[in-house]
Structure formats: structure tokens, C-alpha cells
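So you can see what is in the structure, the chains are spelled out below.
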Amino acid sequence: MELWLGILGFALNPITALASWIVGRKKSNNDFLHDMQKSIDMLVKKNNEQLAELVELRNTNARLLDNQEKMQIKIDKLTHENEGFRKEIEELNEKLKNVKTITRTKS
């Protein structure tokens, strides 16, 4: 009986050490997986934020391009009007070229 207890005591140490190592390794793997999942969650959150910002920037860019196109149309119209006014001023200056200025003298 003592022999069996000695053998059992001797064999029990490596078995418990192996069991402890397996449990510890599994916990370590679980902790690693948990940390990886937290990292993935953080990256997904950041990605969603950047995607929302990208969509907002694209909308802003589209509005700015639309406004730029409208402004270009207005600039073209004003440039055309300015050319017309310039021609009209030149014609009026040409007509006034030979007109003498009449000034009043103080009495």
C-alpha cells in the first residue's frame, strides 16, 4: 500500500503540473484572443468614423464643385456684360471727343 501511495504521489506531481500548464495556456490564449478582439473592435470603430468623415467630405466637395460651377457661370455673364459696357463707354467717349466743355464763370 505504501508503495502504491509513493507511486501515486510521484505520478500525481507531473499530472497536476501538466493540467496546470494546459489551463494556464488556455487562459493565456483566451487573454490574447480577448486583446485581439478589443483591437479589432477599436479598428472597426475608427474605420466607421473615418468612413463617415469621408462621406461628409465628399458631400462638401460636391456642394463646393456645384457652387464653383454656378460662380463660373455668373463670372462669364459678368465678363460678357463688362465687355458690352466697355464698348459702350468707348463709343460715348468717342462722341464726347469733339465736344467742348462749357464752364461757368463766377460773376
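Before any of the text, the structure's been laid out above.
What counts and what doesn't
- Every chain's residues receive numbers from 1 upward, in the order its sequence appears when written.
- Restriction of local features to residues with pLDDT of at least 70 applies here, the model being predicted, together with a cutoff of 80 or more for giving and counting side-chain atom pairs; totals for whole chains, interfaces and linings are based on all residues.
- To obtain the side-chain values, all non-hydrogen atoms of the structure were included, while hydrogens and water were left out.
- The secondary structure listing takes helices from DSSP runs of H or I that are at least 4 residues long and strands from runs of E that are at least 2 residues long, numbered from the N terminus.
- This radius of gyration counts C-alpha atoms alone. The globule rule is 2.2 Å times how many residues there are, raised to the power 0.38.
- The classification of residues rests on relative accessible area computed with a 1.4 Å probe and restricted to protein chains. Under 20% of the type maximum is buried, over 50% is exposed, and intermediate values are partly exposed.
- A 1.4 Å probe and the Shrake-Rupley method give the accessible areas. Residues count as covered only by the protein chains that appear here.
- In this charge count, Lys and Arg are treated as positive and Asp and Glu as negative; neither His nor the chain ends contribute.
- Throughout, a charge is located at the NZ atom of Lys, the CZ atom of Arg, the CG atom of Asp or the CD atom of Glu.
- Candidate patch residues must exceed 30% relative accessible area and have no salt bridge, after which like charges are joined if within 9 Å and Val, Leu, Ile, Met, Phe, Trp or Tyr side chains if within 5 Å.
- Whenever Lys or Arg places a side-chain nitrogen within 4 Å of a carboxyl oxygen from Asp or Glu, that contact is recorded as a salt bridge.

1. Structural notes on the overall build of the protein chain
For the protein chain, the count of helices and strands is one helix and zero strands. In terms of overall dimensions, the protein chain is more spread out than a globule: its C-alpha atoms have a radius of gyration of 45 Å, far above the 13 Å expected for 107 residues. Counting only C-alpha atoms and orienting by the principal axes, one finds that the protein chain spans roughly 150 × 35 × 15 Å. Within the span of the protein chain, comprising 107 residues, buried residues form 0% of the whole. Summed over its atoms, the accessible surface of the protein chain is roughly 11,100 Å², and 61% of this surface lies on carbon and sulfur atoms. Across the protein chain, 18 positive and 16 negative side-chain charges occur, with their mean positions spaced 8 Å apart.

2. A few points about the environment of Phe 85
In this structure, Phe 85 sits in helix 1 (residues 2–96). Judged by its relative accessible area of 49%, Phe 85 is partly exposed. For the pair Phe 85 and Asp 66, spaced 19 residues apart in sequence, the C-alpha separation works out to 29 Å.

3. Side note on a nonpolar patch on the surface
A surface patch of nonpolar side chains, about 390 Å² in accessible area, is lined by Leu 3, Trp 4 and Ile 7. By the element assignment, Leu 3 lies in helix 1.

4. Section: the pattern of salt bridges
Close approach of charged atoms allows side chains with opposite charge to pair. Under the defined criterion, the tally for this structure stands at one salt bridge. With a closest N to O distance of 3.4 Å, Asp 66 and Lys 70 form a salt bridge. With Asp 66 and Lys 70 both in helix 1 and four residues apart, this pair spans about one turn of that helix.

5. A look at the environment of Glu 56
Counting through the fold element by element, Glu 56 comes out in helix 1. With 40 residues separating them in the primary sequence, Glu 56 and Thr 16 have C-alpha atoms 60 Å apart.

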